[in-house]
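# Per-entry structural report
As a plain string of letters, each chain reads:
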Amino acid sequence: MAVSALGSAWGPLRLGSVAAASGLGASGTDGYCMELLRKRDYEGYLCSLLLPAESRSSAFALRAFNVELAQVKDSVSEKTIGLMRMQFWRKTVDDIYCDNPPHQPVAIELWKAVKRHNLTKRWLMKIIDEREKNLDDKAYRNIQELESYAENTQSSLLYLTLEILGIKDLHADHAASHIGKAQGIVTCLRATPYHGSRRRVFLPMDICMLHGVSQEDFLRKNQDKNVRDVVYDIASQAHLHLKHARSFHKSVPVKAFPAFLQTVALEDYLKKIQQVDFDIFHPSLQQKNTLLPLSLYIRSWRKRY
């Protein structure tokens, strides 16, 4: 939802040696995907660097594809233009599976990934369809609607990442479903200050109504207890999904763990928002976590998610 809005806040990567070790060039279509990810989805970039070497370029392509779609909503002034761009990507995916990708860097790299790993077309199309529906600029009616959006975008992305890693496992799929939902919920929370600056609020209406909170309360950066209670309820749902995902830990193949490293960043945000008593506008929540690369590396080394 807000990859483009949030990615630029993270600043330059400090793992240049790791990037070099990945064997990816700094130019060409693979370099384009890396750079797009580094600028727009820094956390996804770091997580991709920690995947096995033979999977990295495909993971970069997949996440760059997601960034391209995520950027559409914030980069167009009219829905019609957004729909045209979504249609371009829908046709692009069709053409990729006909071995005829357009001369666009992300499309070319995605085609290579599809050929290399026989990626499921349905997941790619689900991401496009859900992003297209999200162009309507409406708040989620309830938490289930937000979870459905997250399942069809973030979880689909993880199912494809598991395919890149050669994982076919029901427990891994269950974990991916929950992690994707947690990612979608956290992204919605993190993007709230940015969206508020543009006079938009997307937080689930049912939870806002439950606590007697209006969209105007968020636009005015109201910090009353009932506003924090809304944030608490939404953050608690993300925490619950992380807990469910980790309940499969002993059943999920170790080879799948690298696909789930984004749990480190999700956990970090949820801890931070708890520390500031669920004040979603607190400045500390917008600051870059300079220890994230190290935290990701340690979690990867410990083979946990």
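Look above for the structure.
Here goes a summary of the coordinates provided. Just so it is clear, the model here is predicted, and its values are computed rather than measured. (Residues numbered from 1 in each chain as written. Predicted model: local features only at pLDDT ≥ 70, side-chain atom pairs only at ≥ 80, totals over all residues. Heavy atoms only, no water.)

## Observations concerning the overall build of the chain
A count of helical and extended segments in the chain gives 16 helices and zero strands. Against the compact-globule benchmark of 19 Å for 305 residues, the chain has a radius of gyration of 19 Å, which places it among compact chains. Reported as C-alpha extents along the three principal axes, the dimensions of the chain are approximately 55 × 45 × 35 Å. Looking at the 305 residues of the chain, the share that counts as buried comes to 55%. Across the chain, the 42 positively charged side chains and the 33 negatively charged ones have centroids separated by 5 Å. (Helix = DSSP H or I, 4+ residues; strand = E, 2+ residues; numbered from the N terminus. Rg over C-alpha atoms; globule rule 2.2 N^0.38 Å. Buried < 20%, exposed > 50% of the residue type's maximum accessible area, 1.4 Å probe, protein only. Lys, Arg positive; Asp, Glu negative; His and termini not counted. Charge placed at Lys NZ, Arg CZ, Asp CG, Glu CD.)

## Things to note about the pattern of salt bridges
All chains considered together, the criterion is met by 24 salt bridges. Shared partners join several salt bridges into a network, and the residues in it are K73, D74, D137, R198 and R200. (Salt bridge = Lys/Arg side-chain N within 4 Å of Asp/Glu carboxyl O.)

## A few points about helix 5 (residues 53-75)
With 23 residues, helix 5 should reach 33 Å at 1.5 Å per residue; the first-to-last C-alpha distance of 33 Å fits that figure. Burial analysis of helix 5 places 20 of its 23 residues in the buried class, the great majority of the element. (Expected span 1.5 Å × (residues − 1).)

## What about helix 6 (residues 79-96)?
The end-to-end C-alpha distance of helix 6 is 26 Å, a good match for the 26 Å that 18 residues give at a rise of 1.5 Å each. Among the residues of helix 6, those classed as buried are G82, M86, W89, R90, T92, V93, D95 and I96.

## Points about the nonpolar core
As a rule of thumb, nonpolar side chains are buried together in soluble globular proteins. Counting 93 residues, the largest nonpolar core has F65, L189, F218, V252, F260 and Y305 as the members making the most contacts within it. Those residues within four positions of F218 in sequence are excluded, and the remaining contacts are T192, V201, L203, C208, V213, V227, V230, V231, I280 and F281. (Core = buried A, V, L, I, M, F, W, Y, C linked by side-chain atoms within 4.5 Å. Contact = heavy atoms within 4.5 Å.)

## Describing the packing of helix 5 against helix 9 (residues 143-164)
Between helix 5 and helix 9, the least distance of the axes is 10 Å, while the angle of their chain directions is 165°. The orientation of helix 5 relative to helix 9 falls into the category roughly antiparallel. Here the hand of the crossing between helix 5 and helix 9 comes out right-handed. On helix 9, the residues that touch S55, S58, A59, L62, R63 and N66 of helix 5 are L157, L160, T161 and I164. (Axes fitted to C-alpha atoms, helices over the stretch in contact; angles between N-to-C directions. Parallel < 35°, antiparallel > 145°, perpendicular 65-115°, else oblique. Left-handed = near helix turned anticlockwise from the far one by under 90°.)

## Re the packing of helix 8 (residues 121-133) against helix 9
Between helix 8 and helix 9, the shortest axis-to-axis distance is 9 Å and the interhelical angle comes to 155°. Between helix 8 and helix 9, the angle falls in the class roughly antiparallel. Here helix 8 and helix 9 pass one another in a crossing that is left-handed. For the pair helix 8 and helix 9, the contacting residues are W123, L124, K126, I127, E130 and R131 in the first and S148, Y149, N152, T153, Q154, S156, L157, Y159, L160 and E163 in the second. Here the contact of helix 8 with helix 9 is composed, by residue class, of seven nonpolar, five polar and four charged. (Nonpolar A, V, L, I, M, F, W, Y, C, P; charged D, E, K, R; others polar.)

## Notes on a nonpolar patch on the surface
Residues L291, L294, Y297, I298 and W301 make up a contiguous nonpolar surface patch of about 580 Å² in total accessible area. Take W301: it is sitting in helix 16 (residues 292-301). Taking the relative accessible area as the measure of exposure, W301 reaches 64% and is therefore exposed. (Patch = residues over 30% accessible without salt bridge, like charges linked within 9 Å, V, L, I, M, F, W, Y side chains within 5 Å. Areas by Shrake-Rupley, 256 points an atom, 1.4 Å probe, with all protein chains shown as cover.)

## Points about the environment of K91
Within the element layout of this structure, K91 appears in helix 6. By relative accessible area, which is 48% here, K91 ends up partly exposed. The spatial distance from the C-alpha of K91 to the C-alpha of T290 is 39 Å, given a sequence separation of 199 residues.

## Some details on the state of the cysteines
One pass over the full model with this rule turns up zero disulfides. This cysteine, C188, is not joined by any disulfide, and C208 carries the nearest cysteine sulfur, 9.5 Å off. Judged by relative accessible area, C188 falls into the buried class, the value being 2%. (Disulfide = S-S within 2.5 Å.)

## Some remarks on the side chain of N66
Topologically, N66 is positioned in helix 5. A polar contact of 3.0 Å, which involves the side chain of N66, links it to the side chain of R131. (Polar contact = N/O pair within 3.5 Å; in protein donor to acceptor, adjacent residues only side chain to side chain.)

## Observations regarding unusual backbone geometry
The phi dihedral of D137 is positive, around 65°, even though this residue is not glycine. Overall, D137 belongs to the partly exposed group, its relative accessible area being 33%. The backbone phi angle of K303 is positive, close to 55°, even though this residue is not glycine. Among the secondary structure elements, K303 is positioned in the segment after helix 16. For K303, a relative accessible area of 51% puts it in the exposed group.

## Some points on the packing of aromatic side chains
A complete count under the given rule lists nine aromatic pairs for this structure. Ring plane angle 80° and centroid distance 5.2 Å describe the contact between F88 and W89, whose orientation is recorded as edge-to-face. The class for F88 is partly exposed, based on a relative accessible area of 38%. W89 gets classed as buried once you look at its relative accessible area, which sits at 4%. Look at W123 and Y159: their rings are 4.7 Å apart centre to centre, the planes differ by 50°, and that puts the pair in the tilted class. Note that W123 is positioned in helix 8 and Y159 in helix 9, a separation of 36 residues in sequence. Owing to a relative accessible area of 10%, Y159 belongs among the buried residues under this scheme. One aromatic cluster is present, formed by Y42, Y45 and F60 through successive ring pairs. (Phe/Tyr/Trp six-rings, centres within 6.5 Å; stacked < 30°, edge-to-face > 60°.)

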